[in-house]
Amino acid sequence: MIQLQNVTKIFNGSSVAVHALRDVDFRVEEGEFVAVMGPSGSGKSTLLTILGAMSAPTRGQVLIDGIDVYGLGVERQADFRHEYLGFVFQQLQLLPDLTAQENVLLALTIARLPYGVKVTRARIALERVGLEGKEDRLPSQLSGGEQGRVAVARAIVNRPPLLLADEPTGNLDQTTGMQVLDLLRELNHAGQTVIMVTHDARASSYAGRSVHILDGQIVRQSTNNGDF
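Residues numbered from 1 in each chain as written. Predicted model: local features only at pLDDT ≥ 70, side-chain atom pairs only at ≥ 80, totals over all residues. Heavy atoms only, no water.

Just checking my understanding: could you explain the nonpolar core for this structure?
What tends to happen in soluble globular proteins is that the nonpolar side chains get buried as a cluster. One finds Val150, Val152, Leu163 and Met196 to be the most contacted residues of the largest nonpolar core, which totals 35 residues. A total of six residues in this core trace back to one element, the largest contributor, which is helix H5 (residues 144-156). Residues within four places of valine 150 in sequence aside, it is in contact with Leu94, Ala100, Asn103, Val104, Leu126, Leu131 and Leu142. Formed by 28 residues, the second largest nonpolar core is a distinct cluster that contains Leu4, Val28, Val34 and Leu164. (Core = buried A, V, L, I, M, F, W, Y, C linked by side-chain atoms within 4.5 Å. Buried < 20%, exposed > 50% of the residue type's maximum accessible area, 1.4 Å probe, protein only. Helix = DSSP H or I, 4+ residues; strand = E, 2+ residues; numbered from the N terminus. Contact = heavy atoms within 4.5 Å.)

For this particular structure, what's the right way to read the sheet that holds strand E2 (residues 17-28)?
The strands making up a sheet are joined through hydrogen bonds of the backbone, oriented either antiparallel or parallel. The sheet built from four strands is open, its strands ordered E2-E1-E4-E5 with antiparallel pairing. Here the strands that pair on one side only, and so sit at the sheet edges, are E2 and strand E5 (67-68). Relative to strand E4 (residues 59-64), strand E1 (residues 2-12) runs antiparallel, the two sharing five bridges. Each bridged residue has a counterpart across the sheet, and for glutamine 3 the counterpart in E4 is leucine 63. In this fold helix H1 (residues 44-51) packs onto E1, E2 and E4, with an angle of close to 120° to the strand it touches most, E1. (Pairing = 2+ DSSP bridges. Axes fitted to C-alpha atoms, helices over the stretch in contact; angles between N-to-C directions.)

So what exactly am I meant to see when it comes to the pattern of salt bridges here?
Two side chains with opposite charge may pair up if their charged atoms get near one another. Counted by the stated rule, this structure contains seven salt bridges. Glutamate 29 is paired through a salt bridge with arginine 27; the nearest N and O atoms lie 3.5 Å apart. In this structure, glutamate 83 engages arginine 76 in a salt bridge whose closest nitrogen and oxygen atoms are separated by 3.6 Å. For arginine 76, a relative accessible area of 33% puts it in the partly exposed group. (Salt bridge = Lys/Arg side-chain N within 4 Å of Asp/Glu carboxyl O.)

So this is what it looks like as structure tokens:
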């Protein structure tokens, strides 16, 4: 489903160029759950933004479902993100004055669908993450774990083939974080492809495969059965 070929990302600072990624080759098959691990500054978040069609590599190619993502024009890239990608952020970014359903509906703003269809999709997404009957509650009326579930529902409401999660448990307590990880694993078992950036070994254990990045390079890959 995903293939990165010789991807390099260089940030040009005022005095020195920073190599965030160096000639990265990376593949993800449809239906995988992959954790991208590494210390702060290793390049893992840069990798996620490149996969998310938000930051063009300095060189190299990014193919998702056979599409050359950075060969697309700006408007087509925006359509691509809407059609192919769902995002779960470390900061859940729920709007406090909107209900759970309204927060999920935000992800359908540009969808060319009748409003009634959008509402139905939002309700189905909330049901899928276990929030049936709580559609009209504000974030403040939900537990931390339930807020995380709203964020996941918003990410999957477009029915994207790829879900990208950036430190989804980073600001959550252990119990709430495990609830979100359990949900990601459930979605993966149902066929959702998931790539999760994390520095937490406990979180990475929920994935089928871990990719370890250091100084912008993939230094090791491991599965639940061992390294390779």
